[in-house]
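One-letter residues, chain by chain:
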Amino acid sequence: MLHIRHITKSFPGVRALSDVSVDFAPGEVHAIVGENGAGKSTLIKIMCGIYAPDAGEVVLDGEPVTLHAYKDALDRKINLVSQEIQVIPKSTVAENIMLDKLDRYLSRGRIDWRRINQDAARYAELVDLTVPVKGLVAGLSTAQKQLIMIARALSSDARILIMDEPTSALTRHETDNLLQLLRRIKSEGVTVLFVSHKLEEVLAVADQVSVLRDGSLIGT
């Protein structure tokens, strides 16, 4: 269970969040909506350790946690699929999917590339990414790179998966597959935070919806 308690965050000249409290339960898709500037991105960056709140706390499974960096969130099985494309073009699809887990495949000082490619292919199939995992990322479409990022997050066995506008570059078919995937992973007890401006997608997949406006929580 993830609780956001009385979170406040200001930047020079603007209060991005003001006393925001939200609960995120296991096994549900919880959408966060609001217009640009409402505070959505600031809130999820606080939950990922990218920003530190000025006041308030993040409580995970009943214990307050201090997230100094994104790695602290990853260590607690909190993962973010950001809206910005974050891939390494000159590396393979498999390397990008398994990027933060390569140390798991070390044996006697060597990396087991066969296992990496096999595991990456499994996660690529989950998100309906139909490109060779041994191929380079350079030259792939924006939508395909977005699917690589989603596959990378799923491969981390996240308990809390935060998705910031994940369908912005996807086709309708890819979006439908992603929404179906979210329904499946929530049935495994994963908490999904789904940030979107597309209300038809929110209504199709979300169990709860929290609305932000001008840095304040309007309601859930």
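Residues numbered from 1 in each chain as written. Predicted model: local features only at pLDDT ≥ 70, side-chain atom pairs only at ≥ 80, totals over all residues. Heavy atoms only, no water.

**Q** How would you explain the overall build of the protein if you had to name every residue and give the values?
**A** The helix and strand inventory of the protein stands at seven helices and twelve strands. Computed over the C-alpha atoms, the radius of gyration of the protein is 18 Å, within 12% of the 17 Å expected from 2.2 N^0.38 for a compact globule of 220 residues. Principal-axis analysis of the C-alpha atoms places the extent of the protein at approximately 50 × 40 × 35 Å. In the protein, which comprises 220 residues, the proportion classed as buried is 48%. Residue pairs at least 24 apart in sequence account for 65% of intrachain contacts in the protein once pairs closer than 6 positions are excluded. Only carbon and sulfur atoms are counted for the fraction: they give 50% of the accessible area of the protein, which is about 10700 Å². (Helix = DSSP H or I, 4+ residues; strand = E, 2+ residues; numbered from the N terminus. Rg over C-alpha atoms; globule rule 2.2 N^0.38 Å. Buried < 20%, exposed > 50% of the residue type's maximum accessible area, 1.4 Å probe, protein only. Contact = heavy atoms within 4.5 Å. Areas by Shrake-Rupley, 256 points an atom, 1.4 Å probe, with all protein chains shown as cover.)

**Q** Go over the packing of helix H5 (residues 142–154) against helix H6 (residues 172–186), please, and point to the residues and values.
**A** Across the interface, H5 lies against H6 with an axial gap of 12 Å and an inter-helix angle of 10 degrees. Compared by their axis directions, H5 and H6 come out roughly parallel. Of H6, the residues touching H5 (which contributes Ala143, Leu147, Ile150 and Leu154) are Glu174, Leu178, Leu181 and Ile185. Residue composition of the contact of H5 with H6, grouped by class: seven nonpolar, no polar and one charged. (Axes fitted to C-alpha atoms, helices over the stretch in contact; angles between N-to-C directions. Parallel < 35°, antiparallel > 145°, perpendicular 65-115°, else oblique. Nonpolar A, V, L, I, M, F, W, Y, C, P; charged D, E, K, R; others polar.)

**Q** Now, about the pattern of salt bridges: what can you tell me, with residues and values included?
**A** Overall, the coordinates contain nine salt bridges when judged by the stated rule. In this structure, Lys9 engages Asp54 in a salt bridge whose closest nitrogen and oxygen atoms are separated by 3.8 Å. Of the two residues, Lys9 is situated in strand S1 (residues 2–11) and Asp54 in the loop between helix H1 (40–47) and strand S4 (55–60); the sequence distance between them amounts to 45 residues. What makes Lys9 buried here is its relative accessible area of 11%. A relative accessible area of 48% means that Asp54 is categorised as partly exposed. (Salt bridge = Lys/Arg side-chain N within 4 Å of Asp/Glu carboxyl O.)

**Q** I'd love a proper account of the side chain of His3, names of residues and values included.
**A** If you trace the backbone, His3 turns up in strand S1. In terms of polar contacts, His3 uses its side chain to reach the side chain of Arg5, at 3.2 Å. Here Asp23 takes part through its side chain, which lies 2.8 Å from a polar atom of the side chain of His3. Apart from residues lying up to four places away in sequence, His3 is in contact with Val22, Asp23, Glu57, Val58 and Val59. (Polar contact = N/O pair within 3.5 Å; in protein donor to acceptor, adjacent residues only side chain to side chain.)

**Q** Just give me the short version of unusual backbone geometry, but keep the residues and values in it.
**A** Notably, Arg108 is not glycine yet its phi reads approximately 55 degrees, a positive angle. Tracing the backbone shows Arg108 in the loop between strand S7 (106–107) and strand S8 (110–111). A residue is classified by how much of its surface remains accessible, and Arg108, at 86% relative accessible area, is exposed. Residues other than glycine seldom take positive phi values, yet Asp128 does so here, at roughly 65 degrees. Locating Asp128 in the fold gives a position in the loop between helix H4 (113–126) and H5.

These figures come from the coordinates and say nothing about function on their own.
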